[in-house]
Amino acid sequence: MEIDLDRLKTLITKRTDEIETIVAGTGYLPRTVIGVGTFLLDNDGDVDLLTAKQRVTFEKFLKPLLEKHAR
């Protein structure tokens, strides 16, 4: 998956309410999800650099939110 870095930046800076909603009740913290998004921004969206735990966070929370607004 190629990540739209502009969409990712908007998600983690201006749409944090959506992140808070999707993580509610999961045991994950919004700041964890935002941290993974920030890491991806800092590394040009290279998902291969994510650790196994970061990849799970990306797949579970960020990817669905990015795909939701890609349409």
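These lines cover the structure that appears in this document, whether it is placed above or below.

What counts, and at which threshold
- Residues numbered from 1 in each chain as written.
- Predicted model: local features only at pLDDT ≥ 70, side-chain atom pairs only at ≥ 80, totals over all residues.
- Heavy atoms only, no water.
- Helix = DSSP H or I, 4+ residues; strand = E, 2+ residues; numbered from the N terminus.
- Rg over C-alpha atoms; globule rule 2.2 N^0.38 Å.
- Buried < 20%, exposed > 50% of the residue type's maximum accessible area, 1.4 Å probe, protein only.
- Contact = heavy atoms within 4.5 Å.
- Areas by Shrake-Rupley, 256 points an atom, 1.4 Å probe, with all protein chains shown as cover.
- Lys, Arg positive; Asp, Glu negative; His and termini not counted.
- Charge placed at Lys NZ, Arg CZ, Asp CG, Glu CD.
- Axes fitted to C-alpha atoms, helices over the stretch in contact; angles between N-to-C directions.
- Parallel < 35°, antiparallel > 145°, perpendicular 65-115°, else oblique.
- Left-handed = near helix turned anticlockwise from the far one by under 90°.
- Nonpolar A, V, L, I, M, F, W, Y, C, P; charged D, E, K, R; others polar.

1. Describing the overall build of the protein
And then number 1: Helix and strand counts for the protein come out as four helices and zero strands.
And then number 2: Reading the helices (α) and strands (β) of the protein from amino to carboxyl end gives α-α-α-α.
And then number 3: Here the C-alpha radius of gyration of the protein, 11 Å, is about what a compact globule of 71 residues would show, namely 11 Å.
And then number 4: Here the protein holds 71 residues, and 30% of them are scored as buried.
And then number 5: Restricting the contact set of the protein to residue pairs at least 6 apart, pairs at least 24 apart contribute 63%.
And then number 6: Surface exposure of the protein reaches about 4500 Å², of which carbon and sulfur atoms provide 49%.
And then number 7: Distance between charge centroids for the protein: 6 Å, based on 11 positive and 12 negative side chains.

2. Topic: the packing of helix H1 (residues 5-14) against helix H3 (residues 30-42)
And then number 1: Remark: H1 packs on H3, axes separated minimally by 10 Å, with the N-to-C direction vectors making an angle of 150 degrees. On the basis of the axis angle, H1 is roughly antiparallel to H3. Both H1 and H3 take part in a crossing whose hand is left-handed. Counted together, Leu5, Leu8, Lys9 and Ile12 of H1 and Ile34, Gly37, Thr38, Leu40 and Leu41 of H3 form the full contact between these two elements.
And then number 2: Broken down by class, the residue content of the contact of H1 with H3 amounts to six nonpolar, two polar and one charged.

3. What to know about the packing of helix H2 (residues 16-23) against helix H4 (residues 52-68)
Two numbers describe a pair of packed helices, the interaxial angle and the distance between the axes.
And then number 1: Orientation of H2 relative to H4, taken along the N-to-C sense of each, is 130 degrees, at an axis distance of 10 Å. Here H2 is positioned oblique relative to H4, judged by the angle of their axes. In the crossing of H2 with H4, the sense of the turn from one axis to the other is right-handed. Between H2 and H4, the residues in contact are Glu18, Ile19, Ile22 and Val23 and Lys60, Phe61, Pro64, Leu65 and Lys68, respectively.
And then number 2: Looking at the contact of H2 with H4 residue by residue, the classes come out as six nonpolar, no polar and three charged.

4. A few points about unusual backbone geometry
And then number 1: Look at Asp44: it is not a glycine, yet its phi comes out positive at around 55 degrees.
And then number 2: Positionally, Asp44 belongs in the loop between H3 and H4.

5. Details of the environment of Gly45
And then number 1: Inspection of the secondary structure assignment puts Gly45 in the loop between H3 and H4.
And then number 2: A residue is classified by how much of its surface remains accessible, and Gly45, at 11% relative accessible area, is buried.
And then number 3: Distance from Gly45 to Asp4, taken between C-alpha atoms, is 7.9 Å for residues 41 residues apart in sequence.
And then number 4: Gly45 has contacts with Ile3, Leu5 and Leu40, leaving out every residue within four places of it along the chain.

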